[in-house]
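Here are the chains, one letter per residue:
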Amino acid sequence: QVQLVESGGGLVQPGGSLRLSCAASGSIVSINFMGWYRRVPGKERELVATFTSRASAIYADSVKGRFTISRDNAKNTVFLQMHSLKPEDTAVYYCYVDWGGSLSLRSWGQGTQVTVSS
């Protein structure tokens, strides 16, 4: 069984910063990549940032230059550093892990709320 535990969400003023963390544990074999999505009620889930299978990072256009994804492979942890936050970044942020090598299995975190408001 795979578990993803997220932390770091909260309330921040516009222009502020937050750092999200996501640690994967359990019977994970061969992590391919990890990343982050977000969802606003009533809208489609949006890819925020992820590492690709070639270990490069890709970002949604809306967060480029403001968000940075990083990882600690030894701890099976992925981070999302968010700067210059805007009210439209308000959402529930979910991390995911793609693992199992060619099986490409996917597991999700429980989500963490990020609210950007004055």
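Residues numbered from 1 in each chain as written. Predicted model: local features only at pLDDT ≥ 70, side-chain atom pairs only at ≥ 80, totals over all residues. Heavy atoms only, no water.

## Notes on the confidence of the model for the protein
Low pLDDT means the predicted atomic positions in that stretch should not be read closely. Here the protein shows a mean pLDDT of 93. Residues at 70 or above account for 100%. Here strand β1 (residues 2–7) stands out as the least confident element of the protein, with mean pLDDT 92; strand β2 (residues 10–12) is the most confident, with 98. (pLDDT = per-residue confidence, 0-100. Helix = DSSP H or I, 4+ residues; strand = E, 2+ residues; numbered from the N terminus.)

## Thoughts on the pattern of salt bridges
Side chains that differ in charge, positive against negative, can pair when their charged atoms come close. Per the counting criterion, the structure on display carries five salt bridges. Where lysine 64 meets aspartate 61, a salt bridge forms, and the shortest distance between an N and an O atom there is 3.1 Å. Here aspartate 98 ties to arginine 106 by a salt bridge, and the two come within 3.4 Å at their closest N and O atoms. Overall, arginine 106 belongs to the partly exposed group, its relative accessible area being 37%. One network of salt bridges, in which partners are shared, links Arg38, Glu46, Arg66 and Asp89. (Salt bridge = Lys/Arg side-chain N within 4 Å of Asp/Glu carboxyl O. Buried < 20%, exposed > 50% of the residue type's maximum accessible area, 1.4 Å probe, protein only.)

## Notes on the sheet that holds strand β3 (residues 18–26)
The four strands are arranged β1-β3-β8-β7 in an open sheet whose pairing can be described as antiparallel. Pairing within the sheet leaves two strands with one partner each, and these edge strands are β1 and β7 (67–72). Taking the axes of each pair of neighbouring strands and ignoring which way they run, one obtains an average angle of 15° across the sheet. (Pairing = 2+ DSSP bridges. Axes fitted to C-alpha atoms, helices over the stretch in contact; angles between N-to-C directions.)

## A short note on the packing of aromatic side chains
As enumerated under the stated definition, the model contains four aromatic pairs in all. Pairing tyrosine 96 with tryptophan 108 gives two aromatic rings, centres 5.4 Å apart and planes at 40°, and the pair type is tilted. Of the two residues, tyrosine 96 sits in strand β9 (residues 91–99) while tryptophan 108 sits in strand β10 (residues 105–108), which places them 12 residues apart along the sequence. On the accessibility criterion, tyrosine 96 (3% relative accessible area) is buried. We classify tryptophan 108 as partly exposed; its relative accessible area is 32%. In textbook terms, an aromatic cluster arises when at least three aromatic residues are bridged by ring pairs, as seen for Phe33, Tyr37, Tyr96 and Trp108. Sitting over the ring of phenylalanine 51, arginine 71 keeps its end group 4.3 Å from the ring centre. (Phe/Tyr/Trp six-rings, centres within 6.5 Å; stacked < 30°, edge-to-face > 60°. Lys NZ or Arg CZ within 6 Å of the ring centre and 35° of its normal.)

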